[in-house]
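# Descriptive structure summary
Listed below, chain by chain, are the residues.
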Amino acid sequence: MKKIALITMIALSVYTLQGCNNASKDSKETADSTNKTKDTTSNVAATGGIAVNADDAKFATTAASGGMAEVALGKLAQQISTNTQIKSFGAMMVTDHGKANDELMAIAKTKNITLPATIDADHQKKIDELSKKTGKDFDKAYVDAMIEGHKKTLDLMNNEAKSGVDPDLKAFAAKTGPTVQTHLDAINQIHNSMK
């Protein structure tokens, strides 16, 4: 009887520690981990498999996380900024990235890719930092964040469009890349007008 109690306590301890480890992961890391677990060719029936390779799944989680952040930051710009150009840009982020997020979610569903449910820790940190700023301090920080973020997103889309394996994700990246380029051009113009 003592052995059963000991085994039960050990099992509960392991389960609790695993839960603590998972709590420290953000939503994107959790999605990546889930996709890695599903990414198997040897036991698809048991794991549910995944319809894309690991790099394509990683692209999807990165794009989804960034897209959610762009929408949240766009809403923040509409609320905090007093600059009409920045408010309009924020509205464009909500609309364009919202549509892209919906399209990516539809593709992910057909490919059995788990996407993050919430914004990842790095993007959330940026949102939290920006939400504490006001006036020109907010505008400058927001514009700088948008330039940096859109450069990274453009690289992400161009790399997937060129090197991705899954045809649906490649097409999504090829379609989304020019929109991201338009956003980058627009935010650079706003940046130049603020000098």
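In the block above lies the structure referred to throughout.
Residues numbered from 1 in each chain as written. Predicted model: local features only at pLDDT ≥ 70, side-chain atom pairs only at ≥ 80, totals over all residues. Heavy atoms only, no water.

## Some details on the packing of aromatic side chains
- Here the structure, examined in full by the defined rule, presents three aromatic pairs.
- Ring geometry for F59 against F172: centres 6.4 Å apart, planes inclined by 65°, an arrangement best described as edge-to-face. Taken together, the positions of F59 in helix α4 (residues 54-80) and F172 in helix α8 (residues 167-193) put the pair 113 residues apart, joining distant regions of the chain.
- For F172, a relative accessible area of 2% gives the class buried.
- Arranged with centres 5.7 Å apart and planes meeting at 15°, the rings of F138 and Y142 form a pair that is stacked. In this pair, F138 and Y142 are both assigned in helix α7 (residues 135-163), four residues apart and thus about one turn of the helix distant. Just as F138 is buried, Y142 falls in that class too.
- Aromatic rings pair up to connect F89, F138 and Y142 into one cluster. (Phe/Tyr/Trp six-rings, centres within 6.5 Å; stacked < 30°, edge-to-face > 60°. Helix = DSSP H or I, 4+ residues; strand = E, 2+ residues; numbered from the N terminus. Buried < 20%, exposed > 50% of the residue type's maximum accessible area, 1.4 Å probe, protein only.)

## Some points on unusual backbone geometry
- Even without glycine at this site, N112 takes up a positive phi of about 60°.
- With respect to the helices and strands, the residue N112 is situated in the loop between α5 (84-111) and α6 (121-131).

## Looking at the environment of T114
- Examined against the element boundaries, T114 turns out to sit in the loop between α5 and α6.
- We classify T114 as partly exposed; its relative accessible area is 25%.
- Residues T114 and T61, spaced 53 residues apart in sequence, show a C-alpha to C-alpha distance of 7.6 Å.

These values are about where atoms sit, not about what they do.
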